[in-house]
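# A closer look at the structure
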Amino acid sequence: MKIFQTLFFLFVMATLGYSQTQKPQDFLSSDFHKERRDILRGKMPENSVAVFFSNPIRNRANDVNFKYHQDPNFYYLTGHRQPHALLLIFSEEQNINGKTMNEIIFVRGRNALAELYDGGRVSTAEAVNDLKLEVAFETPNFETFPIDFSKFDQVLFYDFQDDVRQTQEKGDLYDLIAQFKQKANYPDDKNLDITPEPQENNLNTTLLDELLRPMRGIKTAEELDLLRKAVKISALGQAEVMRAMEPGMSELEVQGMHEFIYKKYKAEYEGYPSIVGAGHNGCVLHYIDNYKPEIEDGELILMDLGAEYHGYTADVTRTIPVNGKFSKEQKAIYDLVYKAQEAGASIAKEGVPFSAVFDTTLAIINKGLLELGIVESLNEEDLIDPATGRHRYYPHGCCHHIGLDVHDLGEYGTLEENMVITIEPGIYIPEGSPCDEKWWDIPVRIEDDYLIKKDGVELLSNDAPRKSEEIEKLMKGNSAFGQFNFPKLDE
């Protein structure tokens, strides 16, 4: 029996080992992740330890989980893309059990049956040899691992959200967190004493963000390669959908065409829930239902989507006429938003305040709204919606970092070389707005991704037309999607 089990294990490992080699070769290098750990270590306070947990597995329903997505910081520092893991980074070398180390990763133990169902797991040897982590153990070992967190001046970590499920697996993320809390004397809010002042401890849940924000905000050459691919894939999707668009499609169908393009170019995920809103739905800033069964002739459709390629996500928005031709009013609003975006991009470069880009777009939009008669003045009572406290027609900011997150970590003081940001002005005029109803249900957002340089910007998403005339011209072309001819469902 034991021989059979051994042979079965070897068979499974051989099968999984073969499958693991069939993966893209353009992921970030292990040297990149090691360099990130070294830079962070150099920024950490003396006598401190940084503690990072992998993302939890999210349950979809019953015994089915969502596709796993690693915590961006954990991936940034390790390249490890699997769940139930823990990373420790020390500011100075430690001597533990007679071995000197400045970092440790704990990864799941190997399990032939589990790997038969879910795929191969990264072993401790692979964590050291392939990921180039200095020391690796299996997660069940953390419970008895001889580390005294009380000896550090600061223990740096992100506070917990209490969203981790317990499993039957020994050393799972639930166990790791519980064991860390015990080892680090994490306050138990169920048994807190009522005292006039909080109890002093060495736990710091805010500093890591401060240390990582400038690191993640400035992209390296390796990161830029992946971001360029993610942005290009997203822009190619926008362009192809422009060719394919016609009245009668559903919002979900439009979403599916974009996401098909992503998979065609081997982007693993969408960087965020796809926003595809026609007509009034486009006035809902984060509309993700995408459930309108038939988009209508004469409507605009706002499409805000981004492919995630090897961890890095784009963020590209286009607003186009469903029938291929902007109405007079639609074109006026679209061209105004385009003008605002161009003005914002024209001043963006190293040293310019983030706020100056928004202020530039806002000034253009306010002036245009007044000239079009949509607002009667530039006074607050005409521009600000009392119900929301925001600008009535331009209620959001225009710029944010992109990278491992669609709203990536980064500094928001001044622009710096090799930041990658969006510039995304918009105008949304829902039905019932205090203006002529000919403007109602016109939503326009144009969002592009820009690389900041010393003397300007590089537009990364130029594969998707931006000018209204260019959009109309492209929409007259034929799409590969036009060759599909699916049978109709029985009604």
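In short, a report on the structure. What you are looking at is a predicted structure, and each value in this text was computed from that prediction instead of being measured. (Residues numbered from 1 in each chain as written. Predicted model: local features only at pLDDT ≥ 70, side-chain atom pairs only at ≥ 80, totals over all residues. Heavy atoms only, no water.)

### Notes on the sheet that holds strand β18 (residues 448-453)
Spatial strand order, β15-β18-β19: 3 strands in an open sheet with antiparallel pairing. Edge positions in the sheet fall to β15 (420-423) and β19 (456-459), since each of these pairs with one other strand and no more. This sheet shows a mean twist of 45° between the axes of neighbouring strands, independent of strand direction. One ladder, built from 4 bridges, connects β18 with β19; its direction is antiparallel. Considered in β19, the bridge of Ile452 is made with Val457. Packing against the sheet, helix α8 (residues 221-244) makes contact with β15, β18 and β19, and its axis sits at approximately 155° to β18. (Pairing = 2+ DSSP bridges. Helix = DSSP H or I, 4+ residues; strand = E, 2+ residues; numbered from the N terminus. Axes fitted to C-alpha atoms, helices over the stretch in contact; angles between N-to-C directions. Contact = heavy atoms within 4.5 Å.)

### What about the pairing of strand β14 (residues 316-321)?
Of all 6 residues in β14, 6 are buried; the element is thus mostly enclosed. Across the two faces of β14 the burial is the same, with Val316, Arg318 and Ile320 and Thr317, Thr319 and Pro321 all buried. With 6 bridges joining them, strand β11 (residues 300-305) and β14 adopt antiparallel strand pairing. From the neighbouring strand, Leu305 faces β14, where its bridge partner is Val316. (Buried < 20%, exposed > 50% of the residue type's maximum accessible area, 1.4 Å probe, protein only.)

### Details of the pattern of salt bridges
Evaluation of the coordinates by the stated rule reveals 32 salt bridges. Where salt bridges share partners, they join Lys34, Arg37, Asp38, Arg41 and Glu103 into one cluster. (Salt bridge = Lys/Arg side-chain N within 4 Å of Asp/Glu carboxyl O.)

### A few points about the sheet that holds strand β13 (residues 312-313)
Within a sheet, adjacent strands bond to each other through the backbone by hydrogen bonds, running parallel or antiparallel. If you walk across this open sheet you meet the 3 strands as β9-β12-β13, and the pairing is antiparallel. Strands with a single pairing partner mark the edges of an open sheet, and in this sheet they are β9 (269-270) and β13. Note that strand β12 (residues 307-309) and β13 share 2 bridges and pair antiparallel. Looking at the pairing, Tyr309 lines up with Tyr312 of β13.

### A word on the packing of helix α2 (residues 30-43) against helix α7 (residues 207-217)
As a packed pair, α2 and α7 sit with axes 10 Å apart at the nearest point and diverge in direction by 140°. The pairing of α2 with α7 is recorded here as oblique in orientation. Read as a crossing pair, α2 and α7 show a hand that is right-handed. Across from Arg36, Ile39, Leu40 and Lys43 in α2, the residues of α7 making contact are Leu211, Leu212 and Met215. Within the contact of α2 with α7, the residues separate by chemical class into 5 nonpolar, no polar and 2 charged. (Parallel < 35°, antiparallel > 145°, perpendicular 65-115°, else oblique. Left-handed = near helix turned anticlockwise from the far one by under 90°. Nonpolar A, V, L, I, M, F, W, Y, C, P; charged D, E, K, R; others polar.)

### Structural notes on the nonpolar core
Core analysis: the largest hydrophobic core is formed by 101 residues, its most contacted members being Phe52, Met245, Val254 and Ile301. With 10 residues, α8 is the single largest residue contributor to this core. Leaving out residues up to four positions away in the same chain, Ile301 has contacts with Met245, Val254, Val276, Gly277, Ala278, Ile295, Arg318, Thr319, Ile320 and Val322. Grouped together as the second largest cluster of nonpolar side chains are 25 residues, Phe149, Val155, Ile177 and Ala184 included. (Core = buried A, V, L, I, M, F, W, Y, C linked by side-chain atoms within 4.5 Å.)

### Side note on unusual backbone geometry
Backbone geometry at His84 places phi at a positive 55°, although glycine is not the residue there. Phi at His310 takes a positive value of approximately 50°, unusual for a residue other than glycine. Positionally, His310 belongs in the loop between β12 and β13. The exposure class assigned to His310 is buried, which follows from its relative accessible area of 3%.

### Describing the packing of aromatic side chains
Within the structure shown, the criterion is met by 21 aromatic pairs. In this structure an aromatic cluster arises from ring pairing among Phe53, Phe149, Phe157, Phe160, Phe180 and Tyr186. Residue placement shows Lys67 over the ring face of Tyr269; its charged tip is 4.8 Å from the ring centre. One cation-aromatic arrangement involves Lys183 over Phe142; the distance from NZ or CZ to the ring centre is 5.3 Å. (Phe/Tyr/Trp six-rings, centres within 6.5 Å; stacked < 30°, edge-to-face > 60°. Lys NZ or Arg CZ within 6 Å of the ring centre and 35° of its normal.)

### Observations concerning the side chain of Ser91
Within the secondary structure, Ser91 is located in strand β4 (residues 86-96). Within the structure, Ser91 has its side chain in polar contact with the backbone nitrogen of Ser48 (distance 2.9 Å). Of the polar contacts made by the side chain of Ser91, one reaches the side chain of Glu92; its length is 2.6 Å. Every residue in contact with Ser91, bar those within four places of it in the chain, is listed here: Arg41, Met44, Pro45, Glu46, Asn47 and Ser48. (Polar contact = N/O pair within 3.5 Å; in protein donor to acceptor, adjacent residues only side chain to side chain.)

### Some remarks on the packing of α8 against helix α9 (residues 251-264)
Where α8 meets α9, the axes come as close as 9 Å, and the angle between the chain directions of the two elements is 140°. If you check the angle between α8 and α9, you find them oblique. Here α8 and α9 pass one another in a crossing that is right-handed. For the pair α8 and α9, contact is made by Ile233, Ser234, Leu236, Gly237, Gln238, Glu240, Val241 and Ala244 and by Val254, Met257, His258, Ile261 and Tyr262, respectively. When the residues that make up the contact of α8 with α9 are grouped by side-chain class, the tally is 8 nonpolar, 4 polar and 1 charged.

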